[in-house]
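Coordinate inspection notes
Here are the chains, one letter per residue:
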Amino acid sequence: MNSDSSTYNEEVMPTPVVRHTLQQQLARLNWHPMFTGRCPSCDMPIRQTQQQQVHWDCDQCGWMDD
C-alpha cells in the first residue's frame, strides 16, 4: 500500500486528487448559492425547493447552476 492511500473495510482507498487550491475552495463557499442562499448574479434569495437541493437556479434573473 502506498502512503497516499488508506484502507476501508480491508479495501485500499486512494486519496482523492485535490483539484482546487484552498483559496479557490474558500471563494466557492462565498459564491455558490448552496452556501449563501443567494444568487451570485443578482444577489436575490434563492428559494429552497427540497430538503437536499441539487439544482440552484434563480427565478429572478435566470442564472442557472449547470
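Up top you'll find the structure we're talking about.
Here the structure is a predicted model, which is why all the values come from computation and not from measurement.

1. Focus on the overall build of the chain
- Helix and strand counts for the chain come out as 2 helices and 2 strands.
- In sequence order, the chain lays out its α and β elements as β-β-α-α.
- Radius of gyration (C-alpha) of the chain: 17 Å, far over the 11 Å computed for a compact globule of 66 residues.
- A separation of at least 24 residues holds for 9% of the contacts in the chain among residues at least 6 apart in sequence.

2. Regarding a nonpolar patch on the surface
- Taken together, the side chains of L22, L26, L29, M34 and F35 define a hydrophobic patch exposed on the protein surface, amounting to about 500 Å² of accessible area.
- Of all the secondary structure elements, the ones that give two or more residues to the nonpolar patch are α1 (22-29) and α2 (33-36).
- Element by element, the count of residues in the nonpolar patch is highest for α1, at 3 residues.
- Among the structural elements, L26 can be located in helix α1.
- A relative accessible area of 44% means that L26 is categorised as partly exposed.

3. Some words on the pattern of salt bridges
- Tallied over the entire structure, the rule returns 1 salt bridge.
- With a closest N to O distance of 3.4 Å, D43 and R38 form a salt bridge.
- The class of R38 is partly exposed, set by a relative accessible area of 34%.

4. Section: the nonpolar core
- If you look at the biggest cluster of nonpolar residues, it comprises 5 residues: C39, I46, W56, C58 and W63.
- Beyond its immediate stretch of four places on either side in the chain, C58 contacts C39, C42, I46 and W63.

5. Quick word on the pairing of strand β1 (residues 5-8)
- Direction of pairing for β1 relative to strand β2 (residues 11-14): antiparallel, over a ladder of 4 bridges. Within the sheet, the bridge partner assigned to Y8 lies in β2 and is E11.
- The turn linking β1 back onto β2 is made up of 2 residues, and N9 within it adopts a positive phi angle of 55 degrees.

6. Re the state of the cysteines
- If you walk through the whole model with that rule in mind, you get 0 disulfides.
- Note on C42: no disulfide assigned, nearest cysteine sulfur contributed by C58 at a separation of 3.7 Å.

What counts and what doesn't
Along each chain, numbering runs from 1 in the same order as the chain's sequence is written. Selection of residues for local features in this predicted model requires a pLDDT of at least 70, selection of side-chain atom pairs for listing and counting requires 80 or more, and totals for whole chains, interfaces and linings are taken over all residues. Hydrogens and water are ignored here; the side-chain numbers use all heavy atoms of the structure. Secondary structure is summarised from DSSP: a helix means a run of H or I of at least four residues, a strand means a run of E of at least two, and numbering begins at the N terminus for each. Restricting the calculation to C-alpha atoms gives the radius of gyration, and the globule rule supplies 2.2 Å times the number of residues raised to the power 0.38. Any two residues whose heavy atoms approach within 4.5 Å at even a single point are treated as in contact. Nonpolar side chains (Val, Leu, Ile, Met, Phe, Trp, Tyr) within 5 Å and like charges within 9 Å form the patches, drawn only from residues with over 30% relative accessible area and no salt bridge. Exposure was quantified through the Shrake-Rupley algorithm and a 1.4 Å probe, taking into account, for residues, occlusion by the shown protein chains and nothing else. Put simply, a salt bridge is a Lys or Arg side-chain nitrogen that is within 4 Å of an Asp or Glu carboxyl oxygen. Relative accessibility under 20% of the residue-type maximum defines a buried residue, over 50% an exposed one, and the middle range a partly exposed one, all with a 1.4 Å probe and only protein chains included. Here the nonpolar core consists of buried residues drawn from Ala, Val, Leu, Ile, Met, Phe, Trp, Tyr and Cys, with membership extended through side-chain atoms lying within 4.5 Å. Two strands qualify as a pair provided that DSSP identifies no fewer than 2 bridges between them. By convention in this document, the label disulfide applies to cysteine sulfur atom pairs within 2.5 Å.

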